[in-house]
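# Topology and contacts: notes
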Amino acid sequence: MLSALPAALMLAGAGPVPQAPDFGPQLERFTYPWPVQTMEVDIVGAPAQMAFMDIAPQRPNGRTVVLLHGKNFCGATWGSAARVLADAGYRVIVPDQIGFCKSSKPRNAQYSFEMLATFTKRLLESRGVTRATIVGHSMGGMLAMRYAILYPNSVEKLVLVNPLGLKDRSEEGLPYTDVDTLWAGERKTSYASLKAYQLENYYHGVWKPSYDRWVWMQAGMYQGAGRDTVGLAQAKASEMIKTQPVAHELYRIKPSTTLIVGTLDKTAFGRAQVPVNLRKSMEAIPVVAPRAVKQMPNATLVMLEGLGHSPQVEDPARFEKALLAVLGARSR
């Protein structure tokens with residue numbers, strides 16, 4: 001049964017929200033669908049671990065797909081899509097970026113998309129992969145674009161799913177917010193706040209029980225002793241997204257690119273930090289995408305009618321059919 005109520009009303013009327021489980025700051029107690037491995041990297045002179053899943057198909061087609069998660073997501077969120085891709089013959093590599101999910105969250109790290117792209121490239125090389133299709137969702141779309149700019153010859157195809165970074169939000173009035181202020185906001189994160197945000201922006205006011213697992217996953221990192229560690233990493237990620245848009249470099253994205261965008265996505269990064277009188281004028285991703293795709297040398301746009309920011313979660317079968325079509329594969 002679906003709910004279609006305003007976020008505040010829905011949450012207020014649902015009774016007390018259960019306490020989120022303590023999954024640990026690296027999701028130590030949250031189970032992923034495949035075995036998790038780690039690659040050690042060095043950050044400001046200290047070791048850190050980058051977690052990933054490497055899924056081998058039973059009938060390999062010789063191609064590899066890399067799935068990059070968004071800021072409020074993890075590698076596990078790609079579970080259904082990864083399974084379908086593996087069934088179609090693709091090797092699938094699903095990293096958790098440094099600062100997120102099952103990977104380390106080093107306090108001294110200065111986050112940049114260049115750093116994350118470099119580590120992703122190093123991970124693929126360590127697995128013997130020199131060329132792959134890169135699929136990035138939301139913040140992962142920004143990372144995928146930066147990866148394609150840095151390593152164009154390593155990208156077979158680029159697929160961007162409701163990506164952030166297509167527009168410089170500073171041009172819409174988004175002010176700079178320092179990490180300490182962002183961190184203070186992150187300390188207030190809860191299951192209720194995450195669900196309210198996602199209901200309004202990701203799922204256009206319609207909630208399915210299947211979404212709850214992913215909200216619990218995020219909320220569970222904020223419980224226990226790791227709360228401040230997770231909050232600081234998320235604050236630094238928000239600053240990274242604000243200060244490092246790809247909007248002015250779209251012409252540099254050379255590989256064959258497809259944008260897959262849900263038409264009901266309400267996401268405009270930083271809207272809550274913009275002065276109230278400017279918020280309504282901020283353009284959501286479905287408005288920005290048609291213009292952005294024209295600035296890329298070799299790009300097409302696929303609009304998924306009636307879906308929001310996370311089509312791979314909202315309607316996995318429909319999203320996976322679209323993704324396989326982009327990759328030139330048949331569903332089984």
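Use the structure listed above.
Described in the following lines is the structure provided in the data block. (Residues numbered from 1 in each chain as written. Predicted model: local features only at pLDDT ≥ 70, side-chain atom pairs only at ≥ 80, totals over all residues. Heavy atoms only, no water.)

### Examining the pattern of salt bridges
Taken as a whole and assessed by the stated rule, the structure comprises 15 salt bridges. Across the pair Glu172 and Arg169 runs a salt bridge whose closest N-O atoms are separated by 2.6 Å. The pair Glu172 / Arg169 is uniform in exposure class, with both members buried. Residues Arg252 and Glu249 are paired through a salt bridge, measuring 2.6 Å at the closest nitrogen-oxygen approach. In this structure Arg252 comes out as partly exposed when scored by relative accessible area, which is 35%. Each member of the salt-bridge network shares a partner with another, and the members are Lys167, Arg169, Glu172, Glu283 and Arg291. (Salt bridge = Lys/Arg side-chain N within 4 Å of Asp/Glu carboxyl O. Buried < 20%, exposed > 50% of the residue type's maximum accessible area, 1.4 Å probe, protein only.)

### A word on the packing of aromatic side chains
Under the counting rule described, the total for this entry stands at 11 aromatic pairs. With a centroid separation of 5.5 Å and 80 degrees between ring planes, the pair formed by Tyr197 and Tyr202 is classed as edge-to-face. Classification of Tyr202 by relative accessible area gives buried; the value is 3%. With 6.1 Å between their ring centres and 80 degrees between their planes, Tyr202 and Tyr203 make a pair best called edge-to-face. For the residue pair Tyr202 and Tyr203, the accessibility class agrees, reading buried in each case. Each member of the aromatic cluster is reached from another via a ring pair, and the members are Phe73, Tyr197, Tyr202, Tyr203, Trp207 and Tyr211. In this structure, Lys121 is placed above the aromatic ring of Tyr151, and the distance from its NZ or CZ to the ring centre is 5.2 Å. (Phe/Tyr/Trp six-rings, centres within 6.5 Å; stacked < 30°, edge-to-face > 60°. Lys NZ or Arg CZ within 6 Å of the ring centre and 35° of its normal.)

### Quick notes on empty space enclosed by the protein
Scanning all chains against the criterion turns up two cavities of 30 Å³ or more. The volume enclosed by the largest cavity comes to roughly 130 Å³. Elements supplying a minimum of two residues to the lining of the largest cavity: α8 (227-243) and α10 (285-295). Looking at the second largest cavity, its volume works out to about 30 Å³. Along its surface, the second largest cavity is lined by Lys121, Leu124, Val129, Thr130, Arg131, Ala132, Ile134, Tyr147 and Ser154. (1 Å grid on protein atoms, 1.4 Å probe; cavity = no way out; pocket = protein on both sides within 12 Å on 5 of 7 lines; lining within 4 Å. Points joined across faces, edges and corners; volume = space filled by probe spheres on them. Helix = DSSP H or I, 4+ residues; strand = E, 2+ residues; numbered from the N terminus.)

### Focus on the packing of helix α2 (residues 79-87) against helix α12 (residues 316-327)
A pair of packed helices is characterised by two quantities: the angle between their axes and the separation of those axes. Where α2 contacts α12, the two axes come as close as 10 Å, and the packing angle between them is 45 degrees. Between α2 and α12, the angle is such that the two are oblique. Here α2 runs over α12; the crossing is right-handed. Every residue of α12 that contacts α2 at Ser80, Ala81, Val84 and Leu85 is listed here: Pro316, Phe319, Glu320, Leu323, Leu324 and Leu327. Of the residues in the contact of α2 with α12, the class split is eight nonpolar, one polar and one charged. (Axes fitted to C-alpha atoms, helices over the stretch in contact; angles between N-to-C directions. Parallel < 35°, antiparallel > 145°, perpendicular 65-115°, else oblique. Left-handed = near helix turned anticlockwise from the far one by under 90°. Contact = heavy atoms within 4.5 Å. Nonpolar A, V, L, I, M, F, W, Y, C, P; charged D, E, K, R; others polar.)

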